[in-house]
Structure formats: structure tokens, C-alpha cells
Amino acid sequence: MNDHHNHSGWLKPTRLRALTQWGLLAICLYLGIRFGLFVRHFETFGQTPAYARPPGVEGFLPIGALVSLKHWLVNGTIDPVHPAALVLFLTFLALAVLTKNSFCSWFCPVGTLSDGAWKATNKLLGRTFRLWKWLDLPLRGAKYLLLLFFVKLILVDMPAFALGEFLSSPYWAVADVRMLHFFTAPSALSLTIITILTLLSLIYRNFWCRYLCPYGALLGLLSLLSPLKVQRQQQHCIDCGRCTAVCPAQIEVHRKQIVRSVECTACLTCVANCPAPDALDLRLSYGRQLLPGWGFALLVVLIFTGGIGAGMLSGHWQSSLTTQDYQQLIPFASRFGH
Ligand code: SF4
Ligand code: SF4
């Protein structure tokens, strides 16, 4: 292991990443349960105890957040119904621009679960499956097509007045409740899709992330702007190919000098597994300054918490909906169509 980088013990970037990932997953579960209890209070017309609504659940509303972003840019006001959705969306965009697509590998709970499930299957079966190259490449384009669809639908086609209309509709008000129902009471169709994707993710590493996630596609494209990149120093590299072998994004790291790929999520698995001192590091593209793994971990956590903190301090975190609004909306959430 690459001891010269202080990669021993808990300062190993892969350990710090696992800590961040599983920590955030635990927080998401906690928020999900709290939100479930909050919703149940209204669904039972006050028969069950009341809980405070955790705004963090709005992180699961990225499409609405895109509408909210355009509304903010075009109309100049921040949506008060689900402001945390926009705050979290902007935080994740900032993460991508500054620290590559670190959201996917350091925070996203879907990525954490799918990678964990794949690792367990991989251990059990003792072998790795990869899609054929001829299928892998066009399939990787699918997530960009999905992204293009949402960008055209919302950023290009949606007129200014429609943005305000959407954001003040009952549908948007209960979008979080409907998202909860998607997980707690899925329809037969969503259950089938979730099952197929889960099975595929057990066999093929990060199937959803690699081929279908439009959020990851957006963050990957923005990550091209990031000044931080994994860089290989030819003179120190012993050409062992371990970096390439362990890369979850299947990037040929040992053939690159600078990893610029949109697929690189700055997971630092390659850096942590490189046996040659000073051969592989995360560095600034210009100036070539090195950032140790623990420094990167600190940076991503600071941006993440800083974005949320800025949203809270500027008053764009709690929803403007009142208890009366929830009493009128939540019990009938499934009736509000698209
Ligand atoms: S190149 Fe390195 S940091 Fe990027 S995805 Fe592959 S293993 Fe992770
Ligand atoms: S960068 Fe490190 S892991 Fe990759 S080929 Fe060179 S020595 Fe091996």
C-alpha cells in the first residue's frame, strides 16, 4: 500500500469514503423513517404522533429541483415549497465542478447500495461479469439521452409562467410524499423495474449508475470543469496495471497521464491501490499540486455540509407549507396527477 501518502489506517481514502458513504446512507434511512412518521400522522388524520418534517428528504427530488433552478434563474425567486431540493441540487453541482463527480462515489445512497450489493455477489460467486464492449459503449450513452430528455423538457421547453405554475401546484407540494410512496408502496410496474435493476446491479457493477442515471450523467459532464484530477507520474509508475484493474468505472488508468474521463468519480480506489510511491495521486490540473486522500475527503464533506449550512442560514431550507396545508394535501397525495 502507498504508505508515503499517509494512506494507512483510517486515513486511507477508501476507508474515509466508505465512512462517508455508509454514514450518509444511515442519515438517509433516518430521514426516510422520520418523514414516514411525519406523513403517517396526516394520513391517519392525527391518530398517530406528530413528527417534525425533515427537509433533507428533498434531495430525492432532482427533477423538481431542475424546474426550481430554472425558476430561480428566470424569475429570480427561490421556490419556498421545497427550497431544500434546490439547495441540495446546487450543492451537488458545486461538488462536481470543484471535486469531480465525487457525489456519486462519496455520497449517493443508490451508488452505495448498488456497489455494496455487487461486492457481496462478487465475493460469493468469486468472479466478475462485464458487459460486452459493443453493448457497453452504446448503453453508456443511454444516461445522456435521459439527461437530454429532461434538459429539453425543462430547461429548453418549459416557459417562465409554467415554472411558477408547477412549483405552486399541489402535485409539487406532495412530490416528497409521492416519492415516499414509491418506496413504501410501489406499483407493480415500479416494483418490476426496481427488481430488474437490482438483479442487474448484482451482476454488473453499478449498472444503474453506469448506464441509466441522468443525475450522474449531468454531474459527470460538469466534473470536466473540476481542477482536481487523478494523475499518474510516468517516471514513478512501475506499470503494474493495478489501478486499471481496481477502477470501478473501468478506466484504463495505467495508460493515462491525467484521468479526464466523465466516468471518473474520484473514488480514489486506484490511488489507494497503487503500490509505487508518488506514481498516482489526485492533483490540481494546473500547478500540479497534490491533494492527499484525507484532504480530499475533508474537502468533499466541507462542500457538502457548507452547501446545506448556507441554505439553512439563508432561510432556504424549511418548507413554507403549514400544518393546515399538510392536513389538506397529504391524505389525498395519490390523487394529484402529473
Ligand atoms: S480513475 Fe481512479 S478515482 Fe477515477 S473512478 Fe477509476 S478508480 Fe476511481
Ligand atoms: S499508476 Fe500505480 S497502480 Fe497504476 S500502473 Fe502505475 S504503479 Fe501500477
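The structure this text deals with has already been given above.
Nothing here was measured: the structure is a model prediction, and the numbers come from that model.

What counts, and where the lines are drawn
Residues numbered from 1 in each chain as written. Chains lettered and ligands numbered in written order. Predicted model: local features only at pLDDT ≥ 70, side-chain atom pairs only at ≥ 80, totals over all residues. Heavy atoms only, no water. Near = heavy atom within 4 Å. Nonpolar A, V, L, I, M, F, W, Y, C, P; charged D, E, K, R; others polar. Buried < 20%, exposed > 50% of the residue type's maximum accessible area, 1.4 Å probe, protein only. Helix = DSSP H or I, 4+ residues; strand = E, 2+ residues; numbered from the N terminus. Pairing = 2+ DSSP bridges. Phe/Tyr/Trp six-rings, centres within 6.5 Å; stacked < 30°, edge-to-face > 60°. Expected span 1.5 Å × (residues − 1). Arc of directions from axis to C-beta. Contact = heavy atoms within 4.5 Å. Axes fitted to C-alpha atoms, helices over the stretch in contact; angles between N-to-C directions. Parallel < 35°, antiparallel > 145°, perpendicular 65-115°, else oblique. Left-handed = near helix turned anticlockwise from the far one by under 90°.

### Re the site of ligand 1
Consideration 1: Neighbouring residues of ligand 1: Val230, Cys247, Pro248, Ala249, Val253, Cys264, Thr265, Ala266, Cys267, Leu268, Thr269 and Cys270.
Consideration 2: Here the residues of the shell around ligand 1 are counted per class, giving 10 nonpolar, 2 polar and no charged.

### Structural notes on the pairing of strand 1 (residues 228–232)
Consideration 1: Counting buried residues along strand 1, 5 of its 5 residues qualify, which places the element largely inside the surrounding structure.
Consideration 2: Every second residue of strand 1 is oriented toward a common face, with Leu228, Val230 and Arg232 on one face and Lys229 and Gln231 on the other, all of them buried.
Consideration 3: Two strands pair when backbone bridges link them, and strand 1 and strand 3 (residues 280–284) are joined in this way by 5 bridges, in the antiparallel orientation. From the neighbouring strand, valine 230 faces strand 3, where its bridge partner is leucine 282.
Consideration 4: Two strands pair when backbone bridges link them, and strand 1 and strand 2 (residues 258–259) are joined in this way by 2 bridges, in the antiparallel orientation. Residue pairing across strands places glutamine 231 opposite isoleucine 258, the latter belonging to strand 2.

### Some thoughts on the packing of aromatic side chains
Consideration 1: Evaluation of the coordinates by the stated rule reveals 19 aromatic pairs.
Consideration 2: Ring centres 5.2 Å apart and planes at 70 degrees place the aromatic pair phenylalanine 149 and phenylalanine 150 in the edge-to-face group.
Consideration 3: Here a set of aromatic residues connected by ring pairs shows up, and it is made of Phe89, Phe92, Phe103, Phe107, Tyr215 and Phe304.

### A short note on the pairing of strand 3
Consideration 1: Counting buried positions along strand 3 gives 4 out of 5 residues, so the element sits mostly inside the fold.
Consideration 2: As judged from the 2 bridges shared by strand 3 and strand 4 (residues 290–291), these two strands associate in the antiparallel manner. The partner of leucine 282 across the bridge, within strand 4, is leucine 291.
Consideration 3: Two successive antiparallel strands, strand 3 and strand 4, enclose a turn made up of 5 residues, where glycine 287 displays a positive phi of approximately 90 degrees.

### Things to note about helix 11 (residues 188–203)
Consideration 1: The end-to-end C-alpha distance of helix 11, which contains 16 residues, comes to 23 Å, matching closely the 22 Å that a straight helix rising 1.5 Å per residue would cover.
Consideration 2: Taken as a whole, helix 11 has its buried residues at Ser190, Leu197 and Ser201. Around the axis of helix 11, the buried residues are gathered within 40 degrees of arc, so they sit on the same side.
Consideration 3: Residues of helix 11 that are buried sit in contact with helix 5 (109–125), helix 10 (175–184) and helix 12 (207–212).

### Notes on helix 2 (residues 62–75)
For the α-helix, the turn length of 3.6 residues means that residues three or four positions removed from each other point alike.
Consideration 1: With 14 residues, helix 2 ought to run about 20 Å at 1.5 Å a step, and its terminal C-alpha atoms sit 19 Å apart, in line with that.
Consideration 2: Turning to helix 2, its buried residues number three or more, namely Gly64, Ala65, Leu66, Val67, Ser68, Leu69, Lys70 and His71.
Consideration 3: Among the structural elements, helix 3 (83–99), helix 7 (142–156), helix 8 (160–167) and helix 9 (170–173) are those in contact with the buried residues of helix 2.
Consideration 4: Two residues or fewer past helix 2, glycine 76 is found with a positive phi of approximately 80 degrees.

### Focus: unusual backbone geometry
Consideration 1: The phi torsion at lysine 100 lies on the positive side, around 55 degrees, for a residue other than glycine.
Consideration 2: If you trace the backbone, lysine 100 turns up in the loop between helix 3 and helix 4 (102–107).
Consideration 3: The exposure class assigned to lysine 100 is buried, which follows from its relative accessible area of 1%.

### So, the packing of helix 2 against helix 8
Consideration 1: Remark: helix 2 packs on helix 8, axes separated minimally by 9 Å, with the N-to-C direction vectors making an angle of 130 degrees. In terms of orientation, helix 2 and helix 8 fall into the oblique class. Between helix 2 and helix 8 the crossing geometry is left-handed. Note on element contacts: helix 8 touches helix 2 through Ala160, Leu163, Gly164, Phe166 and Leu167, opposite Gly64, Val67, Ser68, Lys70, His71, Val74 and Asn75.
Consideration 2: Here the residues of the contact of helix 2 with helix 8 sort into 6 nonpolar, 5 polar and 1 charged.

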